[in-house]
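What follows is the residue order along each chain.
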Amino acid sequence: MLSAAVTEPILAAYGLSATEFRLWQIFTPDIVERRFAAFANESRFVHYTTADSALKIARGGSVWLRNISCMNDFSEAKYGIDRVIGFFGGDEARPLWDLLDRCHAGLGTRSRKHYDDWLHDLRAETYLVCLSEHDKEEDYIGRLPMWRAYGSTTGIALVLNAQAFHNSSVALNTGSYPVCYLNDNAARGKFRGILEAIIKNEELLCAQTENELLAYVQSMLEYFSLCMKHPGFKEEREWRVVHRPVRNPNPRVQPTVEVFRRVPQKVYHLPLRDFPEEGLLGASLPALINRVIIGPTQYPLVVYNAIVAALHEVGVEDAEKKVFVSHIPLRQE
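Sequence order sets the numbering: in each chain, residues are counted from 1 along the sequence as written. The predicted origin of the model limits local features to residues at a pLDDT of at least 70 and limits the giving and counting of side-chain atom pairs to 80 or more, whereas totals for whole chains, interfaces and linings rest on all residues. For the side-chain quantities, the full set of heavy atoms in the structure was used; hydrogens and water were omitted.

Asks: Which residues make up the environment of Trp-24, and what values go with them?
Replies: Secondary structure is summarised from DSSP: a helix means a run of H or I of at least four residues, a strand means a run of E of at least two, and numbering begins at the N terminus for each. With respect to the helices and strands, Trp-24 occurs in helix 2 (residues 18–27). On the basis of relative accessibility, which here comes to 26%, the residue Trp-24 falls in the partly exposed class. Sequence separation between Trp-24 and Ala-197 is 173 residues; the distance between their C-alpha atoms is 11 Å. What Trp-24 contacts, discounting residues up to four positions off in sequence, is Leu-16, Pro-29, Val-32, Tyr-216 and Ser-219. Each residue's exposure class comes from its accessible area (1.4 Å probe, protein chains only) as a fraction of the maximum for that residue type: buried when under 20%, exposed when over 50%, partly exposed otherwise. In what follows, residue pairs with any heavy atoms lying within 4.5 Å of each other are defined as contacts.

Asks: Residue-level account of the state of the cysteines, with values.
Replies: Here, two cysteine sulfur atoms that lie within 2.5 Å of each other are counted as a disulfide. For the structure shown, the criterion picks out 1 disulfide. Each sulfur in the disulfide pair Cys-103 and Cys-206 lies 1.9 Å from the other. Between Cys-103 and Cys-206 the disulfide shows an S-S torsion of about -70 degrees. By sign, it is left-handed. Here Cys-206 lies in helix 10 (residues 202–206) and Cys-103 lies in helix 6 (residues 94–103), a separation of 103 residues in the sequence.

Asks: If you had to explain the nonpolar core to someone new, which residues and values would you point to?
Replies: To form a nonpolar core, buried Ala, Val, Leu, Ile, Met, Phe, Trp, Tyr and Cys residues must be joined to one another through side-chain atoms within 4.5 Å. Counting 43 residues, the largest nonpolar core has Phe-27, Phe-88, Met-220 and Phe-224 as its most contacted members. Contributions of two or more residues to this core are made by helix 2, helix 5 (76–88), helix 6, helix 7 (107–124), helix 9 (184–200) and helix 11 (210–226). Ranked by the residues each element gives to this core, the list is headed by helix 11, at 9 residues. Look past the residues within four positions of Phe-27 in its chain and what remains in contact with it is Ile-194, Ile-198, Leu-205, Leu-213, Tyr-216, Val-217, Met-220 and Phe-224. Ranked by size, the runner-up nonpolar core spans 41 residues in total, among them Val-63, Phe-275, Leu-285 and Val-323.

Asks: Lay out the pattern of salt bridges in plain terms, naming residues and giving numbers.
Replies: Salt bridges, as used here, are contacts in which a Lys or Arg side-chain nitrogen is within 4 Å of a carboxyl oxygen on Asp or Glu. Summed over all chains, the structure comprises 26 salt bridges. Residue Glu-277 pairs with Arg-252 through a salt bridge whose shortest N-O separation is 3.9 Å. Of the two residues, Glu-277 is situated in the loop between strand 10 (263–271) and helix 12 (285–288) and Arg-252 in the loop between strand 8 (238–243) and strand 9 (254–260); the sequence distance between them amounts to 25 residues. Its relative accessible area of 58% is what places Glu-277 among the exposed residues. You can call Arg-252 partly exposed: its relative accessible area is 31%. Salt bridges sharing common partners tie together Arg-34, Glu-133, Asp-135 and Arg-237.

Asks: An account of the packing of helix 6 against helix 7 is needed here, citing residue identities and associated values.
Replies: As a packed pair, helix 6 and helix 7 sit with axes 6 Å apart at the nearest point and diverge in direction by 120 degrees. What the angle tells us is that helix 6 and helix 7 run oblique. Residues Arg-94, Trp-97, Leu-100 and Asp-101 of helix 6 form the contact with helix 7, whose participating residues are Leu-107, Gly-108, Thr-109, Ser-111 and Arg-112. Of the residues assigned to the contact of helix 6 with helix 7, the class counts are 3 nonpolar, 3 polar and 3 charged. Fitted lines through C-alpha atoms serve as axes, helices being fitted only where they are in contact, and the angles separating the N-to-C directions of these axes extend from 0 to 180 degrees. When an angle is under 35 degrees it counts as roughly parallel; over 145 it counts as roughly antiparallel; between 65 and 115 it counts as roughly perpendicular; any other value is oblique. Residues are grouped as follows: Ala, Val, Leu, Ile, Met, Phe, Trp, Tyr, Cys and Pro are nonpolar; Asp, Glu, Lys and Arg are charged; every other residue, Gly included, is polar.

Asks: Explain the pairing of strand 8 to me, and be specific about the residues and the numbers.
Replies: A large share of strand 8 lies buried, amounting to 6 of its 6 residues. Where burial is concerned, the two faces of strand 8 agree: the one with Glu-238, Arg-240 and Val-242 and the one with Trp-239, Val-241 and His-243 are both buried. When strand 3 (residues 127–134) meets strand 8, the two strands line up antiparallel, connected through 6 bridges. Bridging across to strand 8, Cys-130 finds its partner in Arg-240. One bridge is not enough; two strands pair if DSSP finds at least two bridges between them. Where strand 5 (residues 174–178) lies against strand 8, 5 bridges are found, and the strand directions are antiparallel. Within strand 8, the residue paired with Tyr-177 across the bridge is Arg-240.

Asks: So what's going on with unusual backbone geometry? Which residues, and what values?
Replies: The backbone phi angle of Glu-42 is positive, close to 55 degrees, even though this residue is not glycine. When you line up the elements, Glu-42 lands in the loop between helix 3 (29–40) and strand 1 (44–50). One non-glycine residue, Arg-237, adopts positive backbone phi at about 50 degrees. One can find Arg-237 in the loop between strand 7 (228–229) and strand 8.

Asks: Give a description of the packing of aromatic side chains that names residues and reports values.
Replies: Ring pairs are drawn from Phe, Tyr and Trp, using the six-membered ring of Trp, whenever the two centres fall within 6.5 Å, and their geometry is named by plane angle: stacked under 30 degrees, edge-to-face over 60, tilted for the rest. For the structure shown, the criterion picks out 15 aromatic pairs. Residues Tyr-177 and Tyr-223 carry aromatic rings whose centres are separated by 6.4 Å and whose planes lie at 50 degrees to one another, so their mutual orientation is tilted. Residue Tyr-177 is found in strand 5, and its partner Tyr-223 is found in helix 11; the two are separated by 46 residues along the sequence. Among the aromatic residues, those joined into a cluster by ring pairs are Phe-87, Phe-88, Tyr-177, Phe-191, Tyr-223 and Phe-224. Cation placement over rings: the criterion is NZ of Lys or CZ of Arg within 6 Å of the ring centroid and within 35° of the ring normal. One cation-aromatic arrangement involves Arg-83 over Tyr-79; the distance from NZ or CZ to the ring centre is 3.7 Å.

So, in structure tokens, the structure goes:
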């Protein structure tokens, strides 16, 4: 349990009341546990990518959000959805829908229809960028499995400060979420635990308005649909910045068609800038960049000089002191 001294600043950062916090604990305990631990531990995040992509991020002042179906795990758009439907579409979840109907007549049916109506959008129109939790012990070498998976012949790890990830701003209509790694049995066990908590807190749930309660149920279903992965990927400790342009459009997040790894695809450009008037701070590159680690490469000095120059161009102070070369003896073909 987090102490009040720790919880209060977290609630303030996310703009949550004590009641809202309790409801998030009930419906999405994974988000609460991981997000609040990251806040309390002052965790940083890291984006592993290629040197080419890192330069495009710096010079373009934005990061690409790519379609969920284009991620490295070919089952990204399917794995969580299948397990959500398998449990919440079956008899075992009947107590949830009955409880919702007791709170507000017809809300159980409305909740299920709402999810079904947006299912195609979840599968086809979800765009994201992947990050990982970053440990202090990785500051100078990075994480070997990530270099292997994402570094190509010249990899870059962009280590990011976390201020922009811990706020309640809707300036860009995106959200940051931790990935949970569950097999079939673990997923069903997780859902049973949430269902038990829901039933135990019926009085609290029924005190919410119909639309408020619907929003919590949908957030739960959509989170596990979009942020559940096979446990074989657990070492990645992934987080996702998610944008759903059909459901939550934002004129600041615009699409273009690009070619990535020889595949033409639509991407959305997430601007790396602050919107202080709407509560989004720490999102500009000078504020975001904590350090940059250059992965195993035959050209460490050349890449170092290029990255330092690019960081200077976008206003990152003391760039020379923020760029490091990983000396993991990994052969990159």
